[in-house]
Structures are given as structure tokens and as C-alpha cells.
Amino acid sequence: MKTYRYAERMSLVKPSAIRELLKLGADPDVISFGGGYPDPDLFPLEKLSLVFEQVIKEQGKSALQYTISEGLSELRLKLIERMKRVGVTCGLENLFLLQGSQQGLDLVAKMFLNKGDIVITENPTFLGALVAFNPYEPQYATVSMDEEGMDMDKLETVLKANPNAKFIYTVPTFHNPTGITMSLCRRKRLVELANAYDVIILEDDPYREIRYEGEQLPSIKSFDTEGRVIHLGSFSKILCPGLRLGWVVAEKELAEKLCLLKMAADTQNSTLNMYAVNRFMELYDIDEHITHIRKIYKDKKDLMLETLRVALPQSVKYTNPEGGLFTWLTFPEGVDTTRLMKERVLPEAKVAYVPGSTFFPVKEEVNHCRFNFSYMSKENIVRGVTAFGRILKEYC
Ligand code: PMP
């Protein structure tokens, strides 16, 4: 007889029923709008194979060696320059590299959360953030959103009710899962409220550069005068996710503490990958590459929205994001998108999406779902959405 004496925190670490359901979406016959994958045809394979070869040949000994936990300084300096474009002035003491922004979510939670502490999130919010925070056993207080993002009056009410909240987690630009972008005036108000109620903001901004229309907005970090905004960025959507490269920008004291946690977690990012991305940015124009990505995704987004318009009953509403990878569908009350997918959409239409309930930290709403439009081919976008629409006509 053996007993695994797990830590209490493991009670909150469990596979969700929805993740199990989404595994079925991996069947090659299924058209899956479920994951948040970039289009792999947009990975610059030839350029990357060239830079990896060059780096190994020319800098191999350093590129395969351990390095500092903060990561390659040359690459960090390039990111410091890029942060200026969104109004953020920072130095090497503020910015270090992560294994994707996902690692930042874990490290920030590890740094701040004791069991029972309050984390404030948008409602709904990014599932990966909940998965990262949950092992630290927080409680969630949520704030509803409208087309301008988090409702700031509601946030103030939540802050009043939770004066010791540890941080406000937000995905301000092309929010996952809704696609909504927080307006300029709300970004400013968010920082004002955080100052007034003395709370940290965790700004998770991996989609910022994938904009199809409208003007780029300054990051929330750019309004930070008190060192209370932690900003996370990522190469996953602008280059490729498999290299696992993201970054954090934070006040020096916070950056130092976070970096100590990173050192304990994984020592450092892959030295080779950091050298390769640095070389990629020296040899090629990453902005040109991002412009190309934007164009392809905009076409896919327009096609998905047009197909949704034609195929779905009018009672189904969906967001029209200015960027990012997702649209968020809202069905009439009474439609349960998990059941719908399990009982009809997967078996009959062979289509998968992410049922919305999984994105609500406290009180699940069942009549939403998230559709991704970056990964599937244009042909499959039309086929999948049309097949989905046929089934829906019976429901709404
Ligand atoms: N934050 C958000 C809002 C995301 O959607 C994702 C992944 N899609 C991540 C963080 C993690 O991204 P990565 O670790 O690949 O940078």
C-alpha cells in the first residue's frame, strides 16, 4: 500500500473536463477552433535555420553554455528599445527574459500569493493565468467587461470590498478570450485606481503587436509612476511559441525578486534560443515579419466574421476584435456550449471550440465560447463555421 501525501495546493491542480473534451479536437478529422495556436506557415523556418546554424558555428561555445538568469543582455537591450514604442522607459535592471509570458504568471503568483489572498481578474479571464495562479491557492474577485474592457466603476467597488487584494490581472489588448481591448482612458483610470488602493497590476500583453485596425495604445505600464505595474511580453505570437521566449518589465526591486524565483525554477532560458532570436533581429526586420503576420490574420479574421454572420442565427452575438487571435461568441440564455459541443458539434459537425465556462474564475457562464481564427486554413474556417451554423439553427 502506498500513499502519495500531496501538498494541499494540489487540490486545485487538476485537469478540467473541458481540457479532456478539447483533446478530442486533436482528431485530424476535426476542425478545431479551440487552441490559441499561431499559424505554423508563418514561422520563418529558413531564416531561423540560418540563424541557428550561424550561432552554433560562430558563437557555439557561449551559445551552449550556462548564462545569467536574466538572459542575454543584447536581446534584452533590443526589447528595452521596443518597449519605448509603447511608452515604457526601462533598463536592464527592469527587464529580463522568461520561458514565455506563462512563466511570468507563475512567478508573479509565487512572489505575491499566500493561501486565500485575493486576485482581481477580468470576467472572463485567460484560463492559463488561472492554471498558473491556482497552485498558490488564491481567491478570485472578478470585474465585468464591456466593449472598452474592464469596467472601472465595478473595479473600484471590488477594490473597496477587498482592500488587501494582492494584484489585478489584466489582458488589456485583444483580450483572451473575448478579443476586447481596454480603451486609453480606462488604462489611465486603472493605474489611478491601483495607486489609490495600493495594489499591483499584472499587465499580460502577448497580443499587442497583432493589430489589424485602429491605433496602437500605450501599455498600462507606461502610466505607472509608482512602480506597481508588472508588464509581460512574448515572442510567441510575433515569432513562434516553441522557442519559449517572453519577458517581464518591472520595478527594479520586483524584477530582482522575480529573477531569484526564475533562477530557482529553471536557472535560465535556453542560451541557444536567446542567441538565435537576437541574431534573427539583427539580420532581419522583425517588424516586417509582424506586418506580414497581421495581414494574414486579418484576412482570416475577416473571413471568420463574415462566415459567422452568414452561418449563425442572429441571436448569436460575437465580438469583432481589432487584433489578436480570438472572437467570443454569446448565445441566448439556456444554451450550454459544453453540452452543445459534446453532444452535437463534435460528433456531427466535427468542429471544436473552447466552451466559455472555463474562463470564468468564480461564477461560470455557460452560454459563451471562444473561437480562434489564426490556426485553421481559410478553407477550414468556412467549412467549420458553416457546419457549426447548421447545427445551431436548431438551438437558437
Ligand atoms: N497570456 C495570454 C493572455 C495568453 O493568451 C498566452 C498564450 N496564448 C500566454 C499568456 C502565454 O504565452 P507564452 O507563454 O507562449 O508567451
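Counting restarts for each chain, with residues numbered from 1 along the sequence as it is written. Only residues with pLDDT of 70 or above have their local features reported here, since the model is predicted, and side-chain atom pairs are shown and tallied only from 80 upward, although totals for entire chains, interfaces and linings are computed over all residues. Heavy atoms from the whole structure form the basis of all side-chain values; hydrogens and water molecules are not counted.

Caption draft 1: Spotlight on the site of the ligand. Summary of the distance rule: residues count as near a molecule or strand when at least one heavy atom falls within 4 Å of that molecule or strand. Neighbouring the ligand are 13 residues; Ser101, Asp204, Tyr207, Ser234 and Ser236 lie closest to it. Here a polar contact means two N or O atoms within 3.5 Å. Within protein one must be a hydrogen donor candidate and the other an acceptor candidate, and residues neighboring in sequence count only if both atoms are side-chain atoms. Take Arg244: an N or O atom from its side chain is 2.8 Å from an oxygen atom of the ligand. A total of 400 Å² of accessible area belongs to the ligand in isolation, and the protein chains cover 91% of it. For the shell around the ligand, the element with the most residues is helix H4 (residues 100-112), which contributes three residues. For this scheme, ten residues count as nonpolar: Ala, Val, Leu, Ile, Met, Phe, Trp, Tyr, Cys and Pro. Four count as charged, namely Asp, Glu, Lys and Arg, and the remainder, Gly too, count as polar. Counted by class, the shell around the ligand contains four nonpolar, six polar and three charged residues. For the accessible areas, the method is Shrake-Rupley and the probe is 1.4 Å, while residue cover comes only from the protein chains on display. What counts as a helix is a DSSP run of H or I of at least four residues, what counts as a strand is a run of E of at least two, and both are numbered from the N terminus.

Caption draft 2: Local environment of the pairing of strand E3 (residues 118-123). Only protein chains enter the accessibility calculation, which uses a 1.4 Å probe; a residue is then buried when its area is under 20% of its type maximum, exposed when over 50%, and partly exposed in between. Across the six residues of E3, six count as buried, placing the element largely inside the fold. Strand pairing is assigned whenever DSSP identifies at least 2 bridges connecting the two strands. By the bridge criterion, six bridges tie E3 to strand E4 (residues 139-146) in an arrangement that is parallel. Directly across from Ile118, in E4, lies its bridge partner Gln139. When the strands point away from the viewer and the path from the first strand over the helix to the second turns clockwise, the crossover is right-handed. Read as a crossover between parallel neighbours, the route from E3 over helix H5 (residues 127-133) to E4 is right-handed. Here three bridges tie E3 to strand E6 (residues 167-170), and the two strands are oriented parallel to one another.

Caption draft 3: Just the side chain of Thr327, in detail. One can find Thr327 in strand E11 (residues 326-330). At a separation of 2.6 Å, a polar atom in the side chain of Thr327 contacts the main-chain carbonyl oxygen of Thr319. By the convention used here, residues are in contact when the closest approach between their heavy atoms is within 4.5 Å. Among residues more than four places away in sequence, those in contact with Thr327 are Pro177, Met304, Leu305, Leu308, Tyr318, Thr319, Pro321, Cys369, Arg370, Phe371 and Phe373.

Caption draft 4: Examining the packing of aromatic side chains more closely. Pairs were defined over the aromatic rings of Phe, Tyr and Trp, the Trp ring being its six-membered one, requiring ring centres within 6.5 Å. Orientation was assigned from the angle between planes: stacked under 30 degrees, edge-to-face over 60, tilted for the rest. Per the stated rule, a full pass over the model turns up 16 aromatic pairs. Judged by centre distance (6.3 Å) and plane angle (55 degrees), the ring pair of Phe112 and Phe167 falls under tilted. Of this pair, Phe112 sits in helix H4 while Phe167 sits in strand E6, placing them 55 residues apart in sequence. Summarising the burial analysis for this pair, Phe112 and Phe167 share the class buried. Judged by centre distance (5.3 Å) and plane angle (65 degrees), the rings of Phe235 and Trp247 are edge-to-face. You can see Phe235 sitting in the loop between strand E8 (229-234) and strand E9 (246-249) and its partner Trp247 sitting in strand E9, a full twelve residues away along the chain. For Phe235, a relative accessible area of 2% corresponds to the buried category. Assessed through its relative accessible area of 5%, Trp247 is described here as buried. Through a chain of ring-to-ring contacts, three or more aromatic side chains come together here, namely Phe33, Phe331, Tyr353, Phe371 and Phe388.

Caption draft 5: Broad picture of the UniProt feature "domain: Aminotransferase class I/classII large" (unreviewed entry) in the protein chain. UniProt positions are given in the numbering used here, feature names are shortened, and annotations may be inferred rather than shown by experiment. Sequence positions flagged by UniProt for "domain: Aminotransferase class I/classII large" (unreviewed entry) are, in local numbering, residues 53-387. Counted over residues 53-387, helix gives 43% and strand 16%. Its end C-alpha atoms are 45 Å apart.

Caption draft 6: Seen up close, H4. Counting buried residues in H4 gives ten out of 13 residues, a clear majority hidden from the surface. Residues of H4 that are buried include every one of Gly100, Ser101, Gln103, Gly104, Leu105, Leu107, Val108, Ala109, Met111 and Phe112, and no others.

Caption draft 7: Here's a closer look at the pattern of salt bridges. Take a side-chain nitrogen of Lys or Arg and a carboxyl oxygen of Asp or Glu: if they are within 4 Å of each other, that pair is a salt bridge. Counted by the stated rule, this structure contains 31 salt bridges. Here Arg208 and Asp205 are joined by a salt bridge, their closest N and O atoms 3.7 Å apart. Here the two residues Arg208 and Asp205 agree in accessibility, since each one is buried. With a shortest N-O distance of 2.9 Å, Lys221 and Asp224 are connected by a salt bridge. Note on accessibility: Lys221 and Asp224 belong to one class, buried. Sharing partners across several salt bridges, the network here consists of Glu58, Lys78, Arg279 and Glu282.

Caption draft 8: Spatial organisation of the sheet that holds strand E14 (residues 368-372). Strand order in the open sheet formed by four strands is E10-E11-E14-E13, with antiparallel pairing between adjacent strands. Two strands bound the open sheet, and with one partner strand each, they are strand E10 (317-318) and strand E13 (354-355). With two bridges connecting them, E13 and E14 associate as antiparallel partners. Its bridge partner being in E14, Pro355 is matched across the sheet by Cys369.

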